[in-house]
Amino acid sequence: MVKKRKDVQHVVALTEPITAVEEATTANNIRTQLEDIKNYEGVVGYILRNSSSASIDLKDPTKIIDYAIISSSSIDAGQAISELFDLGQTKNVAVEGKNVKMLSFTVEENKISIFMDKNADSEKILKKLRSL
Amino acid sequence: MDNEIYSFALRTTLNEIQNLCPDIKNSFIFKEDGEIVAGDENTPEKTIVRVIDSFDGILEKAEALGGVEGITLESSKGRVNVCRMNDFYLVTVTMANADKNYVNTITRVLFPTVLKLVEKINSAPFKNESREPEPRPEIHIPEAMAKPAEEMPIEEPRPERPTRTLEPETKPKLTLPEPQINQLIVENIGGLLVPSDTVRIDNETLLHWQELYEDRKIEEAEIETFGGQSTRVKIKPIKDSKFEGKGIVQMPEKIQNALEIRKGELVRVKPVIE
C-alpha cells in the first residue's frame, strides 16, 4: 500500500509542473494574439486571466474595475445559463453596450474578454480567436 | 389596462411567437430592476429568476459600456439572446441550428411592434374615460393575441376619432370600407426578371382585400414607411412558400432605395381602391 501511494505522489509530482508549463505557454500564446488584436480598429483593450495570473490592457485605465467585473460576470453568467438550459459548452458571450461592446470566452483555463467600440468588427476578432 | 392584463397579453404573445418560430425554446421578459413581466409556458419562474440573477453582475456595471442594449450567449447546443426594448429585456433561448435572421426578425421587429400596440391600446381607454362616463370598453387584446401569429400580419390600429356623445350618431354612408392597413416586414426579392415596380404580398392578404372590396380589382398598393416616405406600387402574390404567412412584403431593391428602407424594417401597406 505504501509503495502504491508513493507511485501516485510521483505521478502527481511529475504532471503538475508540466501542466503549469503548458498553461503558461497557452497563456503566452493567447497574450501574443491579444496584443495583435489590440491593434485592430476600434479595439479598446482586453482582460486575460487564469488561476495564476491576470493581464489587463485597457486604453482607459479608469474603467479597469468595472470592466473586470463585467468580464467576470459575463463568463460566469454564460456558464450558469448554459447549464440551466442544457446548452452544452459555452463558446462566447457578447455584451453590446451603447458605446462599447465586449466579447468574452474561455480557452482552457484562460478567461478572456475583449472590449471594443460599438462599430468595431467583432466577427473579425472572433475568427482570429477561434484559431486559438 | 392593469398589470395583470398587460402581463397576460405579453405572455400570450410569447407563446404565440414560439408557435410561429419553434426554434425559440424559451422566452421571457423582465424589467431592469429584475421584476419578471411575463414568461412563456415552458419556462418555470424559478429558472427565470436564476437567469436574471446571473445577468445581475453585467447589468449592474452596464453603465461602463454606456448601458446594455443586448447580450448574446453562444453555446455548443444553443444560443441565448437578451434584447433591450425600452424598459424591458426580452430573453430568448434558441437551438444551435435556429435561423438567426428569422429569430432576430421576430425578436427585434415583431415583438417591439406588439409592445407598442399593447401600450397604445393601454392608453386608449384612459383617453376615452375622461370624456365619456360610460363603462370602459372591453379590451380585445387577449383574443387578438390568441390568434395563431401566422394569421396576423399586424393590423394598424385605426386612429381614434373624437366622440361626441351628445350629438346623434351619423349613420355610416354606404361607401367602401376604409382601406385596410397592414404592417409588413420588408424582405428582399431577387432575380433577373423581377419588375422593379412590383412588390409581392401574402396571397392570404390579397384574398382578404379582395373579399373586402368584392367588385374592385386591386392591382396596386400604397407603401408607407415609418419615416414618412410613401410610394404606390403594383402587387402580386408571393411565389416562394417559405415566405407565406409570415407577414412579409417582398420588395425589389429599387423600391427599398426610394423609400430609404431595407430588409427587416416594418412598413405600412394598404390597397389602392379606385
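Conventions used here
Residues numbered from 1 in each chain as written. Chains lettered and ligands numbered in written order. Predicted model: local features only at pLDDT ≥ 70, side-chain atom pairs only at ≥ 80, totals over all residues. Heavy atoms only, no water. Helix = DSSP H or I, 4+ residues; strand = E, 2+ residues; numbered from the N terminus. Buried < 20%, exposed > 50% of the residue type's maximum accessible area, 1.4 Å probe, protein only. Contact = heavy atoms within 4.5 Å. Areas by Shrake-Rupley, 256 points an atom, 1.4 Å probe, with all protein chains shown as cover. pLDDT = per-residue confidence, 0-100. Pairing = 2+ DSSP bridges.

**Overview of the overall build of chain B**
- From N to C terminus, chain B includes six helices and 12 strands.
- For chain B, the proportion of its 274 residues judged to be buried stands at 45%.
- For chain B, long-range pairs separated by at least 24 residues make up 68% of all intrachain contacts whose partners lie at least 6 apart in sequence.
- Of the accessible surface of chain B, which amounts to about 15700 Å², a share of 48% is contributed by carbon and sulfur atoms.

**Some points on the confidence of the model for chain A**
All names here are of chain A.
- The share of residues in chain A with pLDDT of 70 or more is 80%, and the mean pLDDT across the chain is 82.
- No element of chain A has a lower mean pLDDT than helix H1 (residues 2-38), at 61, and none a higher one than strand S5 (residues 110-117), at 94.
- Counted against residues more than four places away or in other chains, residues 1-18, with its pLDDT under 50, gives zero contacts.

**A look at the pairing of strand S11 (residues 248-251) of chain B**
All names here are of chain B.
- With burial as the criterion, each face of S11 is covered, one bearing Ile248 and Gln250 and the other bearing Val249 and Met251.
- As defined by bridge partners, strand S7 (residues 182-188) adjoins S11 across four bridges and the pair is classed as parallel. Bridge pairing links Glu187 to Gln250 in S11.
- Both strand S8 (residues 198-201) and S11 contribute to a ladder of two bridges, which runs antiparallel. Bridge pairing links Ile201 to Val249 in S11.

**Overview of the confidence of the model for chain B**
Residue and element names in this part refer to chain B.
- Summing up the model confidence of chain B, the mean pLDDT is 77 and the portion of residues at 70 or higher is 78%.
- Low pLDDT, under 50, characterises residues 125-152; the predicted model gives this stretch 34 contacts beyond four residues in sequence or across chains.
- Between residues 154-174, whose pLDDT stays under 50, and residues either more than four places distant or in other chains, the model counts 25 contacts.
- Both scores are given for the predicted complex: the pTM is 0.57, the ipTM 0.79.

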